[in-house]
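# A closer look at the structure
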Amino acid sequence: MTARATGKICKLMMCSGLVLSSICWSNAASAQGSGSDLSPPPALDLSFNVGVVSDYRFRGVSFSDRDPALQGGVDLYHQSGFFAGAWATTIEEYAGSDVELDLYGGYAGEAGGLEYSASLYYYAYPGGNDVNYLELQGIVGKTIGPAQVEMVMAFTPDQDNAVDNLYLGAGASVGIPNTPYTVNLRGGRENGAYDNKWDWEAGISYSRDWLTISASYVDTNYSGINEAGRNGRAGFLASAIASF
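Residues numbered from 1 in each chain as written. Predicted model: local features only at pLDDT ≥ 70, side-chain atom pairs only at ≥ 80, totals over all residues. Heavy atoms only, no water.

As a further point, take the pairing of strand S9 (residues 147-156). Looking at chain direction, strand S8 (residues 133-144) and S9 are connected through nine bridges and run antiparallel. Among the inter-strand pairings, Lys142 is bridged to a residue of S9, identified as Val149. Linking S8 to S9, which pair antiparallel, is a turn of two residues; within it Gly145 sits at a positive phi near 60 degrees. (Pairing = 2+ DSSP bridges. Helix = DSSP H or I, 4+ residues; strand = E, 2+ residues; numbered from the N terminus.)

Here you go:
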């Protein structure tokens, strides 16, 4: 499980599809100063999220042993574009820990019609035995009509408890006009902790006010008769996430 990495802008995009990618980007944009005409935007924007998923998948592989997981996080954005946050999820027992805690910070901005973020993540497993590690992430996105298209790069440098790992991914979320539904597509390739692993996902989400409900199909080319192979096989996912 040394290939784990998640987080916001955009953690939810990479974990279980692009369900909340547009929310992530809109939060970053509002933090940089795009407010209403009636009053200036606040210098700091604090948001929370909590949810339940039928299977915690990251880049196609289940880290909850294909069982449900509880998740939640908090994010702080500054109008300058800097952000920081924390996110946690229940997981299958891993090196003595049954919780993954992600701490992260970075900068999000916009240039030439492109939205981008650069982040540093620290992945901790409370109670685990020497398994915490760091990862660098970058995301570039563009809004094209009702679609949000994004490219992701995540790099884990060689550490005492993690090998060099590179993930390259891309995805799109397309809002269905005049409806609260969004079609989500995502895929990527990972090499290092995994050997040339590919993953892909397609789904649909429903958003209304603070609640987003989604369903998707996810699969990888990672297979085998052991537990790791089982957790990379195809499956259907469902989630309900509340954001405040």
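There's more to say after this.
Take the nonpolar core next. General note: in soluble globular proteins, nonpolar side chains tend to be found buried as a group. Ranked by internal contacts, the top residues of the largest apolar core, which has 20 residues, are Tyr56, Phe63 and Tyr125. Of all the elements in the fold, those that place two or more residues in this core are strand S4 (69-78), strand S5 (82-94), strand S6 (97-111) and strand S7 (114-124). Per-element accounting of this core gives the leading share, four residues, to S5. (Core = buried A, V, L, I, M, F, W, Y, C linked by side-chain atoms within 4.5 Å. Buried < 20%, exposed > 50% of the residue type's maximum accessible area, 1.4 Å probe, protein only.)

Bringing the sheet that holds S6 into the picture now. Taken together, 12 strands build a closed barrel; the order of strands is S1-S4-S5-S6-S7-S8-S9-S10-S11-S12-S13-S14 and the barrel is antiparallel. Pairwise comparison of adjacent strand axes, ignoring direction, gives a mean angle of 20 degrees for this sheet. Here 10 bridges tie strand S11 (residues 181-191) to strand S12 (residues 197-208), and the two strands are oriented antiparallel to one another. If you follow Val183 over to S12, its bridge partner there is Ile204. (Axes fitted to C-alpha atoms, helices over the stretch in contact; angles between N-to-C directions.)

Turning our eyes to something else, we now look at the side chain of Asp219. Tracing the sequence through the fold places Asp219 in strand S13 (residues 211-220). Among the polar contacts made by the side chain of Asp219, one reaches the main-chain amide nitrogen of Ala234 at a distance of 3.3 Å. Look past the residues within four positions of Asp219 in its chain and what remains in contact with it is Trp198, Asp199, Trp200, Gly232, Arg233 and Ala234. (Polar contact = N/O pair within 3.5 Å; in protein donor to acceptor, adjacent residues only side chain to side chain. Contact = heavy atoms within 4.5 Å.)

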